[in-house]
Amino acid sequence: MALDSRNNILKKYHIKSMTNITILEKTFTRSKDLDDSLENAINIWFNIENELFDVVLHVNSTVAKYFQRKPISKSQIISSINSEDVSIEITLKITHAIEIMPTIFHWIPHIKVVEPEWLNGEVKEI
């Protein structure tokens, strides 16, 4: 990803597809805000123009350890741990539903959306 300074639009590139690259002597300064935003991005569906929102996921005890070992993103926090069955609830910040949907679908039936309700509805519909 790179911020196009001509029009201030974040562009996504597939490096492996690039050809005819010319290396220049010019340098650039990276934006701290952009770096911070990209640090929390889960995947290519991250959209810097969208406002971040919280997603709360319930992860059952069968797979909870994987989410504790390797967080989905740097914004992930474990909101609660159920002392009876060791299931967890995690909260993370995303910019677009499709940013988290592949992860949810990968882990079904061991994960479900608690909040926001509209995202839970979309997941159930699909």
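All of the points below concern the structure found in this document.

This part takes up a nonpolar patch on the surface. Taken together, Tyr13, Ile15, Met18, Ile21 and Ile23 make up a surface patch of nonpolar side chains, about 590 Å² in accessible area. Its place among the elements puts tyrosine 13 in the loop between strand E2 (9-11) and helix H1 (32-39). Here tyrosine 13 falls in the partly exposed class, since its relative accessible area comes to 44%.

Here we take up the packing of aromatic side chains. This model, assessed by the stated rule, comprises three aromatic pairs. Connected via pairs of aromatic rings, a cluster forms that spans Tyr66, Phe67 and Trp107.

This part covers the pattern of salt bridges. In the structure shown here, the tally under the stated rule is one salt bridge. For lysine 93, the salt bridge identified is with aspartate 54, shortest N-O distance 2.8 Å. Here lysine 93, found in strand E5 (residues 88-94), pairs with aspartate 54, found in strand E3 (residues 53-59); they are 39 residues apart in sequence, far enough to count as distant. A relative accessible area of 39% means that aspartate 54 is categorised as partly exposed.

About the criteria used
Residues numbered from 1 in each chain as written. Predicted model: local features only at pLDDT ≥ 70, side-chain atom pairs only at ≥ 80, totals over all residues. Heavy atoms only, no water. Patch = residues over 30% accessible without salt bridge, like charges linked within 9 Å, V, L, I, M, F, W, Y side chains within 5 Å. Areas by Shrake-Rupley, 256 points an atom, 1.4 Å probe, with all protein chains shown as cover. Salt bridge = Lys/Arg side-chain N within 4 Å of Asp/Glu carboxyl O. Helix = DSSP H or I, 4+ residues; strand = E, 2+ residues; numbered from the N terminus. Buried < 20%, exposed > 50% of the residue type's maximum accessible area, 1.4 Å probe, protein only. Phe/Tyr/Trp six-rings, centres within 6.5 Å; stacked < 30°, edge-to-face > 60°.

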